[in-house]
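Fold and contact review
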Amino acid sequence: MAEFYLPLIPDAEFDAVTVSASNQNLSVTNYCTQLTGTGSAVCVADLPNGTKIGQMKKIVTRSKASATSITVTLLSHYGSSSDKLTLTEDGDFALCQWQKATDGTDSTEGAAWRVIETGNIDAGSDLLA
């Protein structure tokens, strides 16, 4: 039987982060992080481990500005899928959930981020205000 996870949404307040060519850790204490790229061909950020199984995290590109893309590395990721999210357009987003490891050896705190949705929203919409 499939495993089911309740979605746990931390503080719904978003944070706005400006990223550059230097890796920057994103917060896992809130639900949504809006990224703005600056001054680099490729901007980079890291998503650290979650805190509870079921934790949700949404990452949105507010503006990539002069950057060609923003790459977010999932420091712990699910399965053999890529550990990198590449956001190439304003409004690109990824929704991730912190889950148990595939081998079942993890604790109740979880072991890996799994990308459960990607897409694009209007970066100028009130959803990001």
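Residues numbered from 1 in each chain as written. Predicted model: local features only at pLDDT ≥ 70, side-chain atom pairs only at ≥ 80, totals over all residues. Heavy atoms only, no water.

1. Describing the overall build of the protein chain
Test applied: Helix and strand assignments come from DSSP, with helices taken as H or I runs of at least 4 residues and strands as E runs of at least 2, each series counted from the N terminus. Throughout this description, buried means an accessible area under 20% of the type-specific maximum (1.4 Å probe, protein chains only), exposed means over 50%, and partly exposed covers the range between. Throughout, a residue-residue contact means that at least one pair of heavy atoms, one from each residue, lies within 4.5 Å. Using a 1.4 Å probe, the Shrake-Rupley method yields the accessible areas, and only the shown protein chains count as cover for residues.
Counting its regular elements, the protein chain contains zero helices and eight strands. Taking all 129 residues of the protein chain together, the buried fraction comes to 44%. In the protein chain, 59% of the contacts between residues at least 6 apart in sequence involve partners at least 24 apart. Here the protein chain displays about 6,700 Å² of accessible surface, and carbon together with sulfur accounts for 51% of that area.

2. A few points about the environment of N49
Worth spelling out the cut-off: Any pair of N or O atoms that falls within 3.5 Å is considered a polar contact. Within protein, one atom must be able to donate a hydrogen and the other to accept it, and sequence-neighbouring residues count only if both atoms are side-chain atoms.
Positionally, N49 belongs in the loop between strand 3 (42–47) and strand 4 (56–63). Expressed as a C-alpha distance, the spacing of N49 and A111, which sit 62 residues apart in the sequence, is 7.5 Å. Once residues lying within four places of it in the same chain are set aside, the contact partners of N49 are V28, L75, S76, W98 and W113. A distance of 2.7 Å separates the side chain of N49 from the side chain of S76, its partner in a polar contact.

3. Some remarks on the side chain of D46
The criterion, for reference: Lys and Arg are tallied as positive, Asp and Glu as negative. Neither His nor the chain termini are counted. Note on definitions: salt bridges are taken to be side-chain nitrogens of Lys or Arg within 4 Å of carboxyl oxygens of Asp or Glu.
Looking at the secondary structure, you find D46 in strand 3. The buried charged residue D46 lacks any salt bridge partner; its closest oppositely charged side chain belongs to K84, at an N-O distance of 6.6 Å. With residues up to four places along the chain from it excluded, the contact list for D46 reads N23, Q24, N25, L26, T73 and L75.

4. With respect to the nonpolar core
Heads up, the condition is: Nonpolar core, defined: a set of buried Ala, Val, Leu, Ile, Met, Phe, Trp, Tyr and Cys residues in which side-chain atoms within 4.5 Å join the residues together.
By size, the foremost hydrophobic cluster in this structure holds 19 residues, and its most contacted members are L26, L35, L47, I59 and V72. Looking at this core, the elements that each hand over two or more residues are strand 1 (15–19), strand 3, strand 5 (69–74), strand 6 (84–87) and strand 7 (92–99). Sequence-distant contacts of L47, that is, excluding residues within four places in its chain, are made with L26, S27, V28, K57, I59, V72, T73, L74, L75 and W113. In this structure, Y31, C32, V60 and L95 belong to the second largest nonpolar core, which totals seven residues.

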